Amino acid sequence: MTRAWKRVPFLRWSFWRMALGRKHLRTAWQVGDGREERLAQYVEATARRGQLDDVIRVIDQYAYDEAFLMNVGDEKGAILDAAVRRAQPRRVLELGTYCGYSALRIARVAPAAHIHSVEFSADNAAIARRIFTHAGVADRITVVVGTLGDGGATLSRLRSEHGFGAGVLDFLFVDHDKSAYLPDLT
Ligand SMILES: C[S@@+](CC[C@H](N)C(=O)[O-])C[C@H]1O[C@@H](n2cnc3c(N)ncnc32)[C@H](O)[C@@H]1O
């Protein structure tokens, strides 16, 4: 059971540490204190291998007990789950993988889906891939390192290497850089 105060980010040092590291966060997209790498180690050491539910549980536990994470979290995650459940997608595109938490939630409620997740940071992508492998879903979630705003390189790879094209997408989850939302969608 998570203690109620841990659900209030302002009451946690690890949230303020993230806020103080805003400049680093906006360029590297990691907090700068190693919490993302520690998360991967924590999952590998603590969560039952091949158990998707348990990996999601352990990431939530880490985010409450060890260090605040900029993922969708369990409360907003339930809203995401409901939307995915309604759509029952087969092909999902996510913008913004971070450590893979939201992609894991999508994989859990849409067992027939393949998820492609576009991530700016190669370091975050590597961490997410480790976690997907531990959860046993690496064959269902593909991380594509890049951005839709990179002049067409990532879009072109999505088309040529990953089969994207008009009419193939069932569900889009946009959770990357707020300043890129509109440019990336137009
Ligand atoms: C809020 S986090 C994503 C959280 C993740 N969706 C989750 O809930 O587990 C934002 C992520 O978007 C990535 N990012 C930032 N700008 C991006 C861009 N233009 N394209 C793709 N990814 C981007 C960052 O590196 C970061 O990992």
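Conventions used here
Residues numbered from 1 in each chain as written. Predicted model: local features only at pLDDT ≥ 70, side-chain atom pairs only at ≥ 80, totals over all residues. Core = buried A, V, L, I, M, F, W, Y, C linked by C-beta atoms within 7 Å. Buried ≥ 20, exposed ≤ 12 C-beta atoms within 10 Å, placed from the backbone. Helix = DSSP H or I, 4+ residues; strand = E, 2+ residues; numbered from the N terminus. Contact = placed C-beta atoms within 7 Å. Near = placed C-beta within 6 Å. Nonpolar A, V, L, I, M, F, W, Y, C, P; charged D, E, K, R; others polar.

A. How the structure looks around the nonpolar core. The biggest cluster of nonpolar side chains holds 37 residues, and the ones touching the most others in it are Val-55, Ile-59, Cys-99, Leu-104, Ile-106, Ala-107 and Ile-131. Of all the elements in the fold, those that place two or more residues in this core are α3 (35-46), α4 (52-65), β1 (91-95), α6 (101-109), α7 (122-135) and β3 (141-145). Sequence-distant contacts of Ile-106, defined by excluding residues within four places in its chain, comprise Val-84, Val-92, Ala-113, Ile-115 and Phe-173.

B. View of the site of the ligand. In the vicinity of the ligand there are 21 residues, among which Trp-29, Asn-71, Gly-96, Tyr-101 and Ser-102 approach most closely. Those elements giving two or more residues to the shell around the ligand turn out to be α6 and β2 (114-119). Within the shell around the ligand, the residues separate by chemical class into nine nonpolar, nine polar and three charged.

C. Focus on the environment of Gln-61. Its place among the elements puts Gln-61 in helix α4. According to the C-beta neighbour criterion, Gln-61 is partly exposed, with 15 such atoms within 10 Å. Taking C-alpha positions, Gln-61 is 10 Å from Asp-74, a pair spaced 13 residues apart along the chain.

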